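Report on the structure
One letter stands for each residue in the lines below.
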Amino acid sequence: EMSDEEREFQDKVDNDIKIEPRDWMPEDYRRTLIRQIGQHAHSEVVGQLPEGNWITRAPTLERKAILLAKVQDEAGHGLYLYSAAETLGVSRDEMIELLHEGKMKYSSIFNYPTLNWADIGAVGWLVDGAAIVNQVALQRTSYGPYARAMVRICKEESFHARQGYDAFMKMAQGSKEQRRMAQDALNRMWFPCLMMFGPSDAESVHGEQSMAWKIKVKSNDELRQQYVDQTIPQIDYLGLDRPDPGIEWNEECEHYDFSMPDWKEFFDVIKGNGPCNRDRMRDRVAAWEDGQWVRDGLLAHARKRAAQKVA
Ligand code: ACO
């Protein structure tokens, strides 16, 4: 039996009226949002690491300037998302502490290494491309602050994907060796990108409830299919080999058939045992500790100002 409050809440959700921070909401709705938005924020911030690694080694000044701008954008996305989560009654410091203690997750994809410049193009094209598919849907999520953050993030993310495809195309159309690197990056990145959408709908723990609350507006499998359908023609356009022999156009359902990633690998990665999990956490914790003096300085300054006002 639903209480009056619950019924009123679900009516709003069903009629696409946004839920705002001061509105009544079920405790589990709040908890689920904090988990998802918090993880999303952490992903943006941790996601800076694999690319930041290449800023000093970008092949031209122009590529360096673009990569620098993109990595800074990701930090901004993290901040909008932490702010959206804070409207639910959790602080950014608390979320960061949970991340550092291994009690909150971030996207599996950032636990894979970026070995060379082709990988950086592939991250922009394939990883940010996957992020957009997911985030375009989330612009219609039921929680107002999250939906609004997504609108701006999607605009910037589109630029990221374009720059990635542009950089990757240069490699794919370059020398024989560059072409080989591009193909290798595509082959390595493909299945980890499919994992970004989460486990199959049958295995998804939160999927059904999150769809009923419209926290998610499309399921993991729907978004994964949409991503595959939009990406295969881009691969073909580059003249590269498709990364999975199972990819085939299916006339009947008008979608591409494709092979699923190795789910055992996925669950290993989200448990902390991917190729770069330990490096990523070590770098984030070190960055947090290195910034302590800035936070201390800001606090000391704020206290001084407050004391001056009283005097
Ligand atoms: N990486 C890490 N963990 C994942 C991933 C992934 N790719 N996919 C699913 N999981 C985790 C879930 O968090 C959940 O674990 P938890 O209960 O400990 O939190 C578990 O696997 C089961 O998955 P679901 O029940 O399907 O989880 P959910 O309903 O949250 O769906 C999804 C997962 C699709 C990732 C959803 O949370 C979402 O849309 N998040 C927002 C998008 C996002 O985080 N993007 C970041 C990557 S892109 C970027 O930022 C550049």
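The name an unreviewed UniProt entry assigns to the chain is 1,2-phenylacetyl-CoA epoxidase subunit A, from the organism Marimonas arenosa.

To continue, consider the overall build of the chain. Counting its regular elements, the chain contains 13 helices and 2 strands. A compact globule built from 311 residues should have a C-alpha radius of gyration of about 19 Å, and the chain, at 21 Å, falls within 12% of that. Here the C-alpha coordinates of the chain stretch approximately 70 × 55 × 35 Å along the principal axes. Each of the 311 residues in the chain was classed as buried or not, and the buried ones make up 47%. Taking the average location of the 40 positive side-chain charges in the chain and that of its 51 negative ones, the two points are 8 Å from each other.

On to a nonpolar patch on the surface, then. A cluster of nonpolar side chains, W293, V294 and L298, forms an exposed patch at the surface whose accessible area comes to about 370 Å². Here L298 is to be found in helix α13 (residues 292-310).

In the region of the ligand, 28 residues are neighbours, and K105, S204, V205, H206 and K216 sit closest. Within the contact set of the ligand, an oxygen atom lies 2.4 Å away from a side-chain nitrogen or oxygen of K105. Take S108: an N or O atom from its main chain is 2.8 Å from a nitrogen atom of the ligand. Protein contacts shield 90% of the accessible area of the ligand, which totals 960 Å² for the unbound molecule. Those elements that place two or more of their residues in the shell around the ligand are α2 (27-46), α6 (117-138) and α11 (263-273). Looking at which element gives the most residues to the shell around the ligand, the answer is α2, with 6 residues. Here the residues of the shell around the ligand are counted per class, giving 12 nonpolar, 12 polar and 4 charged.

How each quantity is defined
- Residues numbered from 1 in each chain as written.
- Predicted model: local features only at pLDDT ≥ 70, side-chain atom pairs only at ≥ 80, totals over all residues.
- Heavy atoms only, no water.
- Helix = DSSP H or I, 4+ residues; strand = E, 2+ residues; numbered from the N terminus.
- Rg over C-alpha atoms; globule rule 2.2 N^0.38 Å.
- Buried < 20%, exposed > 50% of the residue type's maximum accessible area, 1.4 Å probe, protein only.
- Lys, Arg positive; Asp, Glu negative; His and termini not counted.
- Charge placed at Lys NZ, Arg CZ, Asp CG, Glu CD.
- Patch = residues over 30% accessible without salt bridge, like charges linked within 9 Å, V, L, I, M, F, W, Y side chains within 5 Å.
- Areas by Shrake-Rupley, 256 points an atom, 1.4 Å probe, with all protein chains shown as cover.
- Salt bridge = Lys/Arg side-chain N within 4 Å of Asp/Glu carboxyl O.
- Near = heavy atom within 4 Å.
- Polar contact = N/O pair within 3.5 Å; in protein donor to acceptor, adjacent residues only side chain to side chain.
- Nonpolar A, V, L, I, M, F, W, Y, C, P; charged D, E, K, R; others polar.

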